[in-house]
Structure formats: C-alpha cells, structure tokens
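Coordinate analysis (summary)
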Amino acid sequence: MSIPAPFDHFRRTHFTPAQLADPNFSGPAADPDQDGYTNLVEHFFAMDPTVPGKSPSYQSELVEDGDSIYCEFHFRYSLDAVDVTFKLEVSPDSTVWSSATGHYELINSFDHADRTRTLVYRSQLSEQPREFFRLALTAE
Ligand SMILES: [Ca+2]
C-alpha cells in the first residue's frame, strides 16, 4: 500500500525511524496509543498519535433560531489532511446510512492559525422521532 504524502509527513512528524518501519505501529489503520482512534483519524483531526486521552474536536448541539430548532454539528480538522475525504451521513436507525447532502447545510467555516479549520453544519430537525448522523472518513 502506498502512503500518501500528507499522511507520510504526519507519520514522520510523530514516529521514530523504528516505528516508521512497522506499519502495525505507524500505518494508517494502526492505533499505537490505544485510544480508539487510528493514525489516519488522528491525522485528520490534528491529534498526536502517540499521546492518548485527547478526543477529536467535534460536538453537536440543538440551536433555537426564531421558531425553529436545528441540530448543529461542528468539527475541527487539519488543513494538511488533504488525503482524507470526509462525508456527513444521516440515518433514521444508525444501521442504514446515506449522504447528508441536502439535509445538512454548511453554514460557517473558520480557519485557525494552527492550520486547522472548523466547519459548522446545520440541519432542520426532521419529522422523525430521532435521527443519527456521523462523519465518515476515507483515505484517498
Ligand atoms: Ca490512536
């Protein structure tokens, strides 16, 4: 498997030569700090893959605006992770997932000095009694 340049740069920033030689330690699917987030996810969220205990930067909240209540979803990711694509997905039951395009709308974007960006998505609450959403990451 070839390693895309942005992820390789991330690996070289955080791992020793011996660790770099071991894909079970420094590969995209590995989780050497055993925090539940693979190295690829840590790359996307600009986390340190050798230090457990930090969570990806994302949150959701209900927001009132006029007569409507919306669900807002914010997350902050690394602008260097151009080799990872993300897609917001929705589900009525957390089993069958579909693209949130046309359901969630990007309403704001903030760039930070540390080469990260926060995106804010908003959904009008549906008529469903409940709805799930998730951020799906794919390595290119
Ligand atoms: Ca990890």
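Just so it is clear, the structure is predicted and the values come from calculations on it, not from any experiment.

What follows deals with the overall build of the chain. Counting secondary structure elements, the chain contains four helices and seven strands. Start at the N end of the chain and walk to the C end: the helices and strands fall as α-α-α-α-β-β-β-β-β-β-β. Taking the principal axes of the C-alpha coordinates as reference, the chain spans close to 60 × 35 × 25 Å. Considering only residue pairs separated by 6 or more positions, the chain has 51% of its internal contacts joining residues 24 or more positions apart.

Quick look at the environment of Leu137 now. For Leu137, the location among the structural elements is in strand S7 (residues 132-139). Note on Leu137: 18 C-beta atoms within 10 Å, which makes it partly exposed. Setting aside its immediate chain neighbours within four residues, Leu137 contacts Leu40, Val41, Phe44, Val84 and Phe86.

Before going further, it helps to examine the pairing of strand S3 (residues 84-91). Here eight bridges tie S3 to S7, and the two strands are oriented antiparallel to one another. Looking at the pairing, Val84 lines up with Ala139 of S7. Pairing geometry for S3 and strand S4 (residues 98-99), over two bridges, is antiparallel. Following the sheet pairing, Val90 is matched in S4 by Ser98. Connecting the antiparallel pair S3 and S4 is a turn made up of six residues, with Ser94 showing a positive phi of about 60°.

Another aspect to go through is the sheet that holds strand S2 (residues 68-78). Hydrogen bonds along the backbone pair up the strands of a sheet, which may run parallel or antiparallel. The antiparallel open sheet is built from four strands, whose spatial order is S1-S2-S6-S5. The open sheet has two free edges, formed respectively by strand S1 (58-65) and strand S5 (104-111), since each of these has just one partner strand. Across the sheet, the axes of successive neighbouring strands diverge by a mean angle of 25°, strand direction being ignored. Pairing geometry for S2 and strand S6 (residues 116-124), over nine bridges, is antiparallel. When the sheet's bridge partners are listed, Arg76 is paired in S6 with Thr118.

Taken together, three strands build an open sheet; the order of strands is S4-S3-S7 and the sheet is antiparallel. Every interior strand has two partners, whereas the edge strands, S4 and S7, have only one.

Taken together, the eight bridges between S1 and S2 define a ladder with antiparallel strand orientation. Paired with Glu61 across the strands is Glu72, a residue of S2. Taking the residues that link successive antiparallel strands as the turn, the S1-S2 hairpin has two residues, and the phi of Gly66 there is positive, at about 65°.

Per-residue confidence for the chain averages 91 on the pLDDT scale, and 96% of its residues sit at or above 70. Mean pLDDT per element in the chain: S1 is the minimum at 90, and helix H2 (residues 17-20) is the maximum at 97.

Taken domain by domain, the chain consists of domain 1 (6-44) and domain 2 (58-139). One C-alpha centre belongs to domain 1, the other to domain 2, and the line joining them spans 26 Å. Contact residues are listed per partner, giving seven residues for domain 1 and nine residues for domain 2. Secondary structure elements with two or more residues in the side of domain 1 that touches domain 2: helix H1 (5-14) and helix H4 (39-44). For the side of domain 1 that touches domain 2, the element with the highest residue contribution is H4, accounting for four residues.

Definitions and cut-offs
- Residues numbered from 1 in each chain as written.
- Predicted model: local features only at pLDDT ≥ 70, side-chain atom pairs only at ≥ 80, totals over all residues.
- Helix = DSSP H or I, 4+ residues; strand = E, 2+ residues; numbered from the N terminus.
- Contact = placed C-beta atoms within 7 Å.
- Buried ≥ 20, exposed ≤ 12 C-beta atoms within 10 Å, placed from the backbone.
- Pairing = 2+ DSSP bridges.
- Axes fitted to C-alpha atoms, helices over the stretch in contact; angles between N-to-C directions.
- pLDDT = per-residue confidence, 0-100.
- Domains from an automatic or database assignment.

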